[in-house]
Amino acid sequence: MQKLKGQRALVTGASSGIGKAVALELGRAGADVLVNYRSGDDMANEVAAQIASFGVRALVHRADVSKEADVVPMFERMAAELGGIDILVNNAGLQKDADFHDMTLDQWNTVISVNLTGQFLCSREAIRLFRRQGMRPEVSKAMGKIVCISSVHEVIPWAGHVNYAASKGGVMLMMKSIAQEYASQRIRVNSICPGAIRTPINAGAWDTEESYNALMRLVPYKRIGEPEDIGKAAVWLASDDSDYVTGASIFVDGGMLLYPGFENGG
Ligand code: BGC
C-alpha cells in the first residue's frame, strides 16, 4: 500500500546521503518528489530517475537553501509544477569542523546558514504554501507535515564541531516552536535525529576497520546506520500513521544516546 499516494514532497539536499534515501523512500511510498540539490546535476538527475521508476513524478531543482532568493522560487516551482506541497523534509546540511580556538567566522556562518537558516527559510515557505492551499482530506489528515533532519548532536555536545552542534541545537527548538505555533492548524512538525549513518559526511568515521571499530564503541546496537533507516522513519513521520505526533525528536541512532560509556561501568 502506498501511504503517501497523491502527496507532494520536497526534500532538500536530496542528491546524496540521507536526503537521497529519504527522497527515494517517499517516492516508493507514492509521493511526487522535488529533489533539491546544490551541486552535482548528474547525481540529482539519477535520484529523480529512480524516483520516477516508482510511477510518481520527480523534479530536480538546484537551490542553495541558505539563500532566500533561491528558496522562494523553488517553492513557487513546487506550486506551479506539482500543484502544491504536503511534505517538506529539511535535510540539507554540512559540517565545517575545526578546533574551537581556530574556528573562523566563515566556518561558523556557513554551518549556521545552511543547517539552521536553511531550515527556517524552507519551513516558512512550506507553511505559507500549506496555509494557502488548505486541507486536502483526500490525501492526509494533516494540512501539512515538516520533517527536520537534526542529529543526535541536538543534545550531545560535540567537541571540535561546535558550529554543527549549535546549529542542531537550534533546529531542535526551532522545530518545537513551529510545531507549537501551528499545531492548531493541523500542521505537524517533527525531527529525525540520526546517529552515525553511512554517508559521505562522516566517511572518516567508518571507512576503515579501525575507525569503524572505534565508532562502534559509541553505538550500543553495534552496527552503523544505513540511509534507508532514516528514509523509513521519514515516511512514517510524513504519513497519517504518525498523525498524533508533533514536536517530537525521534532518535534513529542505534542507542547512541544511551550513554554507551556506561555499558560496562559506572
Ligand atoms: C554527524 C556525523 C556523526 C554523527 C554521530 C551526525 O549528525 O553529521 O558526522 O558521525 O552525527 O556523531
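Quick caveat, the model's predicted, so the values are computed rather than measured.

## Describing the pattern of salt bridges
Here is step 1 of the chain: Under the defined criterion, the tally for this structure stands at 14 salt bridges.
Here is step 2 of the chain: We note a salt bridge from D243 to R188, for which the minimum N-O separation is 3.8 Å. Residue D243 is found in the loop between helix 7 (227-238) and strand 7 (249-252), and its partner R188 is found in strand 6 (residues 187-194); the two are separated by 55 residues along the sequence.
Here is step 3 of the chain: Given a relative accessible area of 5%, R188 falls into the buried group.
Here is step 4 of the chain: For D229, the salt bridge is made with R223, and the minimal N-O distance between the two is 2.9 Å.
Here is step 5 of the chain: Ionic contacts of the salt-bridge type, sharing partners, join the residues E68, R124, E125 and R128 into one network.

## Some remarks on the nonpolar core
Here is step 1 of the chain: By size, the foremost hydrophobic cluster in this structure holds 36 residues, and its most contacted members are L10, F75, I85, L88, F130 and I146.
Here is step 2 of the chain: Counting residues per element, the ones that place at least two in this core are helix 3 (68-82), helix 4 (105-133), strand 5 (144-149), helix 5 (162-182) and strand 6.
Here is step 3 of the chain: Counting residues per element, this core draws most heavily on helix 4, which supplies ten residues.
Here is step 4 of the chain: Setting aside chain neighbours within four positions, we find F130 in contact with I85, D86, I87, M143, G144, K145, I146 and I187.

## Quick word on helix 2 (residues 41-52)
Here is step 1 of the chain: For helix 2, which comprises twelve residues, the first-to-last C-alpha distance of 16 Å matches the rise-based estimate of 16 Å (1.5 Å per residue) to within 8%.
Here is step 2 of the chain: Taken as a whole, helix 2 has its buried residues at A44, V47, A48 and I51. Buried positions in helix 2, seen along its axis, are confined to an arc of 100° and lie on one side of it.
Here is step 3 of the chain: In this structure, the buried residues of helix 2 make contact with helix 1 (17-28), strand 2 (32-37) and strand 3 (58-62).

About the criteria used
- Residues numbered from 1 in each chain as written.
- Predicted model: local features only at pLDDT ≥ 70, side-chain atom pairs only at ≥ 80, totals over all residues.
- Heavy atoms only, no water.
- Salt bridge = Lys/Arg side-chain N within 4 Å of Asp/Glu carboxyl O.
- Helix = DSSP H or I, 4+ residues; strand = E, 2+ residues; numbered from the N terminus.
- Buried < 20%, exposed > 50% of the residue type's maximum accessible area, 1.4 Å probe, protein only.
- Core = buried A, V, L, I, M, F, W, Y, C linked by side-chain atoms within 4.5 Å.
- Contact = heavy atoms within 4.5 Å.
- Expected span 1.5 Å × (residues − 1).
- Arc of directions from axis to C-beta.

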